[in-house]
Amino acid sequence: MEKKHDNFDLDNLDIQILSILMNDASIPYTEIAKKLIVSGGTIHVRMKKMEEMGIIRGSNLIINPQKVGFDITAFLGIYLEKGSQYNHAVEQLKQVKEVVELHYCTGAYSMFAKIICRDTTHLRKVLNEDIQSVKGIQRTETIISLEESIKRQISLT
């Protein structure tokens, strides 16, 4: 029985292609084709279709921040003075290269960010000079990660 995903015309082959590439985006289409017993052209056409549908937003290289000198991962709860300042705050936080994720959220915080810094001195500078100086940010709460135990994509199967 083929699994259909709501609002998307994905079949089992699409799911298999995505699952393989989500695990390792460097695998050539020809290798995926051999594994799934289809032509390389089929993989190419399916990938193009999923890009056009907006399912695939691109691919990227994942580095280990610690191996390049970034030892501190922190999560930042951000309180805004007013919700109407959200868009301005986002535009300003886009300029802070240490902010690697930013979410508009419900709950205690207006926004929740993930930041990666070299060390605690760098973290303090980013917090005090770059983030807390953004107009509309009332205050922040910082949670330092001691270890990332799980990091993965969603499972499509």
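Predicted model, so just to flag it, every value in this text is computed and none were measured.

Rules used in this analysis
Residues numbered from 1 in each chain as written. Predicted model: local features only at pLDDT ≥ 70, side-chain atom pairs only at ≥ 80, totals over all residues. Heavy atoms only, no water. UniProt positions renumbered as here; feature names shortened; annotations may be inferred. Helix = DSSP H or I, 4+ residues; strand = E, 2+ residues; numbered from the N terminus. Buried < 20%, exposed > 50% of the residue type's maximum accessible area, 1.4 Å probe, protein only. Arc of directions from axis to C-beta. Contact = heavy atoms within 4.5 Å. Axes fitted to C-alpha atoms, helices over the stretch in contact; angles between N-to-C directions. Parallel < 35°, antiparallel > 145°, perpendicular 65-115°, else oblique. Nonpolar A, V, L, I, M, F, W, Y, C, P; charged D, E, K, R; others polar. Patch = residues over 30% accessible without salt bridge, like charges linked within 9 Å, V, L, I, M, F, W, Y side chains within 5 Å. Areas by Shrake-Rupley, 256 points an atom, 1.4 Å probe, with all protein chains shown as cover. Salt bridge = Lys/Arg side-chain N within 4 Å of Asp/Glu carboxyl O. Pairing = 2+ DSSP bridges.

Draft legend 1. Broad picture of the UniProt feature "domain: HTH asnC-type" (unreviewed entry) in the protein. Per the UniProt annotation, the sites labelled "domain: HTH asnC-type" (unreviewed entry) are residues 10–71. Taken as a whole, residues 10–71 contains 53% helix and 0% strand, while its terminal C-alpha atoms sit 40 Å from one another.

Draft legend 2. Helix α4 (residues 86–93), seen in detail. Among the residues of α4, those classed as buried are Y86, A89, V90 and L93. The buried residues of α4 occupy an angular sector of 100 degrees when the element is viewed end-on, so they sit on one face. In the core, the buried residues of α4 are packed alongside β1 (72–80), β2 (99–104), β3 (111–117), α5 (120–131) and β4 (137–144).

Draft legend 3. Local environment of the packing of helix α1 (residues 12–23) against helix α3 (residues 40–52). Put simply, α1 and α3 touch, their axes get as near as 11 Å, and they point 85 degrees apart. It follows that α1 is roughly perpendicular to α3 by the angle criterion. Where α1 abuts α3, its residues L13, D14, I17, L18 and L21 lie against T42, I43, R46, M47, K49 and M50. By residue class, the composition of the contact of α1 with α3 is seven nonpolar, one polar and three charged.

Draft legend 4. Representation of the environment of Q153. Locating Q153 in the fold gives a position in the segment after β4. Along the sequence, Q153 and K35 sit 118 residues apart, while their C-alpha atoms lie 21 Å from each other.

Draft legend 5. Layout of a nonpolar patch on the surface. Residues L61, I63 and V68 make up a contiguous nonpolar surface patch of about 350 Å² in total accessible area. With respect to the secondary-structure elements, V68 resides in the loop between α3 and β1.

Draft legend 6. Expanded view of the sheet that holds β1. Read across the open sheet, the four strands follow the order β2-β3-β1-β4; overall the sheet is antiparallel. Each having just a single partner strand, β2 and β4 make up the two edges of the open sheet. Averaged over all pairs of adjacent strands, the angle between strand axes in this sheet comes to 20 degrees, irrespective of strand direction. Sheet topology places β1 next to β4; seven bridges connect them, and they run antiparallel. When the bridges of β4 are listed, G77 appears paired with E141. Against the sheet, α5 engages β1, β2, β3 and β4, with an angle of about 140 degrees to β3.

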